[in-house]
Amino acid sequence: MRRSRVIEAWTYEPLERFVRESGARLTLVMTPAGQVLAQFGFARAVDVMAAAALGAAVFASSSEIARLLGNLEFSTLHHRGHRFGIFLGGCAVPRGRLLALVIYGEDSSVGLVQLFFDELVRGLQEAAPEQERSRPVLAADFERELNDSLASLFGR
Amino acid sequence: MSLVNFTTREITCKIVYYGPGRSGKTASLQYVYGRVPQDRRGRMVSLATETERTLFFDFLPLDLGSISGFTTRFHLYTVPGQLYYDSTRKLVLQGADGVVFVADSQVRQLDENIESLQGLQANLVAMGSDMRSMPMVFQYNKQDLPSELILTPTELDDALNFWALASHSSDALRGVGVFETLRAISERVLRKLSEEAPA
Amino acid sequence: MIAPLAEALDRMTRVGGVWGALLVAADDGLVIAEAVMEGIKPAAIAALAASLARQSGIASEAAGAGTPRFLHLQGAAGTLAVMSAGDGLLLVAVGSDEMNVGLARLEMLRAIEAAE
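Scope of this entry: the structure provided in the associated data block. Remember, predicted model here, so these are calculated numbers, not experimental data. (Residues numbered from 1 in each chain as written. Chains lettered and ligands numbered in written order. Predicted model: local features only at pLDDT ≥ 70, side-chain atom pairs only at ≥ 80, totals over all residues. Heavy atoms only, no water.)

**Some remarks on the overall build of chain A**
Okay, step 1: What chain A contains, in helices and strands, is 4 helices and 6 strands.
Okay, step 2: Listed N to C, the secondary structure of chain A is β-α-β-β-α-β-β-β-α-α in terms of helices and strands.
Okay, step 3: Along the longest, intermediate and shortest principal axes, the C-alpha atoms of chain A span 50 × 40 × 30 Å.
Okay, step 4: Every one of the 156 residues in chain A was classed for burial, and the buried ones make up 52%.
Okay, step 5: Put simply, of all contacts in chain A between residues at least 6 apart along the chain, 54% involve residues at least 24 apart.
Okay, step 6: Accessible surface for chain A amounts to roughly 7,500 Å². Of this, 53% is attributable to carbon and sulfur atoms.
Okay, step 7: Taken together, the 17 basic and 18 acidic charged side chains of chain A have centroids lying 3 Å from each other. (Helix = DSSP H or I, 4+ residues; strand = E, 2+ residues; numbered from the N terminus. Buried < 20%, exposed > 50% of the residue type's maximum accessible area, 1.4 Å probe, protein only. Contact = heavy atoms within 4.5 Å. Areas by Shrake-Rupley, 256 points an atom, 1.4 Å probe, with all protein chains shown as cover. Lys, Arg positive; Asp, Glu negative; His and termini not counted. Charge placed at Lys NZ, Arg CZ, Asp CG, Glu CD.)

This is the structure we're talking about:
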């Protein structure tokens, strides 16, 4: 049984509820820069990152068109295919803006996804913590590990 | 902006390869893609025109493994270099943690390099940043061409590198200097991350 | 076909107990036209009615009963009636638990006949 995988724990409950109610096949919750906070349904991490980058780019493009048209707010975007549909929606939580990329099949619909996306947004807004304080994250001598890692990446 | 998760101990950073058209941005990513083991990288996404010029961006996720106990991933992006793609360059630049400016070392491309650098500064300012605060390095590509056709790294520094940032010569098609540039920008990005003091 | 069906929604709302009538795109679950009282959420009803119609269709086919023509959901506090109008369209009526389902169904049939 597929389960949600989350990087930010507070996204788990809203995401699980959304997937259950909407019948979505795949779902990503991410920042506008394409960094993933939670996902459902993806089998491989590589597919998640590519989908996130593309979804963020599509949403950014639409937002830019909206801005050119005079700051109209496009909150959701929908592409309909033969067997699958793509839904992209944006929302604001205390920590900033988030995007959701949803892929749904013939057993769902854009109306259903939109309906439960609104609930997902409410759930994320309620669950989201305030902005974290910055903390130093790396040891002072991280360069050695970085160099070792890059060297191994490039086979040196 | 870097995504840092203290619970799962994961760091994700975004690095953008910027520069004029055909300077070697995509070639740099393609070299990285070709050299890095499959389990340490993701699929390379390239949104390009029929003539293989970058239309929107190239994207390559890298897994750097554990650094200071944090699983560290870098997302590498390129921007389209042609002049009329400035809107999409701005979009790709959003959320960047570091920039590699890939300059075309050819003498006849100097004006394009300058124009692209000015565009980068303008786009960074529009985002609330600038080249002094954004981790950045220069990659002077095509240094393999005949000397009469190119500017030396010193000449390129004089023309472009006003902030005395790190610069590296490169031949992206053969991978010369690509690794060194990536290491340099990675260090700067992670250094900045580790220096962010508690509020 | 859509215009006559949309016009029929007003007539459907005059049936006793009907709170609202909708014309819905079956595949998308989106509202095409609506005539609803205040407090009724047309987008939610459209999405859920379309989903119900789709799921019922699967069950009906599996049971050998063919494509469903009319769905009647009787709740403790209300009623939902869904009829396929062809061409990927659904007519939906939502009302009280005492809604006159028979009359609502008749109005739906008349609307579809008039639209053909």
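Following the structure, the description resumes.
**Let's talk about the interface of chain A and chain C**
Note: interface size is frequently given as the accessible area lost on complex formation between the parts.
Okay, step 1: Between chain A and chain C, the residue contacts involve 10 residues of the former and 10 residues of the latter.
Okay, step 2: Between chain A and chain C lies a buried interface of about 770 Å² when both sides are counted; carbon and sulfur atoms form 58% of it.
Okay, step 3: Together, Arg 80, Leu 112 and Leu 115 of chain A form the three largest contributors to the area buried by chain A at its contact with chain C, with a combined 44%.
Okay, step 4: Two residues, Arg 80 of chain A and Asp 28 of chain C, come together in a salt bridge whose shortest N-O distance is 3.5 Å.
Okay, step 5: Remark: the boundary between chain A and chain C carries 7 residue pairs in polar contact (both at pLDDT 80 or more).
Okay, step 6: In terms of residues, the side of chain A that touches chain C owes the most to one element, helix α3 (residues 110-127) of chain A, which gives 5 residues. (Buried area = accessible area lost by both parts, 1.4 Å probe. Salt bridge = Lys/Arg side-chain N within 4 Å of Asp/Glu carboxyl O. Polar contact = N/O pair within 3.5 Å; in protein donor to acceptor, adjacent residues only side chain to side chain.)

**Digging into the interface of chain B and chain A**
Okay, step 1: With 56 residues of chain B at the interface, the matching set in chain A holds 41 residues.
Okay, step 2: Carbon and sulfur atoms supply 62% of the area that chain B and chain A bury against each other, a total of about 4,300 Å² over both sides.
Okay, step 3: It is Leu 3, Phe 6 and Phe 179 of chain B in chain B that bury the most area against chain A; as a group they hold 16% of the surface buried on that side.
Okay, step 4: With a closest N to O distance of 2.8 Å, Asp 47 of chain A and Arg 43 of chain B form a salt bridge.
Okay, step 5: The tally of links from chain B across to chain A stands at 5 residue pairs in polar contact (both at pLDDT 80 or more).
Okay, step 6: At the level of elements, β1 (3-5), β2 (10-18), α1 (25-35), β3 (45-48), β4 (54-67), β5 (70-78) and α5 (178-195) of chain B are the ones that each hand at least two residues to the side of chain B that touches chain A.

**What about the arrangement of the chains?**
Okay, step 1: In this assembly 2 pairs of chains touch, with chains A and B having more contacts than any other pair.
Okay, step 2: Across all C-alpha pairs, the smallest distance from chain B to chain C is 29 Å, and the two are not in contact.

**A word on a nonpolar patch on the surface**
Okay, step 1: Together, Ile 65, Leu 69, Leu 72 and Phe 74 of chain A give the surface a local cluster of nonpolar side chains, amounting to about 390 Å² of exposed area.
Okay, step 2: Relative to the helices and strands, Leu 72 of chain A resides in the loop between α2 (45-68) and β4 (76-80). (Patch = residues over 30% accessible without salt bridge, like charges linked within 9 Å, V, L, I, M, F, W, Y side chains within 5 Å.)

**Here's the deal with the packing of aromatic side chains**
Each aromatic ring pair is characterised by the separation of its centres together with the angle its planes make.
Residues and elements named next belong to chain B.
Okay, step 1: Inspection of the entire model under this criterion finds 7 aromatic pairs over all chains.
Okay, step 2: Centroid distance Phe 56 to Phe 57: 5.1 Å. Interplanar angle 75°. Geometry classified as edge-to-face.
Okay, step 3: Measuring from ring centre to ring centre gives 5.6 Å for Phe 162 and Trp 163, while their planes differ by 75°; the resulting arrangement is edge-to-face.
Okay, step 4: For Phe 162, a relative accessible area of 59% gives the class exposed.
Okay, step 5: Among the residues examined, Trp 163 registers a relative accessible area of 29% and is labelled partly exposed.
Okay, step 6: Among the aromatic residues, those joined into a cluster by ring pairs are Phe 56, Phe 57, Phe 59 and Tyr 77.
Okay, step 7: Taking NZ or CZ as reference, Arg 9 lies 4.3 Å from the ring centre of Phe 70, over its face. (Phe/Tyr/Trp six-rings, centres within 6.5 Å; stacked < 30°, edge-to-face > 60°. Lys NZ or Arg CZ within 6 Å of the ring centre and 35° of its normal.)

**Some details on the packing of α3 of chain A against helix α2 (residues 42-62) of chain C**
Okay, step 1: Relative orientation of the contacting elements α3 of chain A and α2 of chain C amounts to 130°, with a least axis distance of 8 Å. In terms of axis orientation, α3 of chain A runs oblique to α2 of chain C. In the packing of α3 of chain A onto α2 of chain C, the handedness of the crossing is left-handed. Facing Gly 111, Leu 112, Leu 115 and Phe 116 of chain A of α3 of chain A, the residues of α2 of chain C in contact are Ala 44, Ala 47, Leu 48, Ser 51 and Arg 54 of chain C.
Okay, step 2: Of the residues that constitute the contact of α3 of chain A with α2 of chain C, the class distribution is 6 nonpolar, 2 polar and 1 charged. (Axes fitted to C-alpha atoms, helices over the stretch in contact; angles between N-to-C directions. Parallel < 35°, antiparallel > 145°, perpendicular 65-115°, else oblique. Left-handed = near helix turned anticlockwise from the far one by under 90°. Nonpolar A, V, L, I, M, F, W, Y, C, P; charged D, E, K, R; others polar.)

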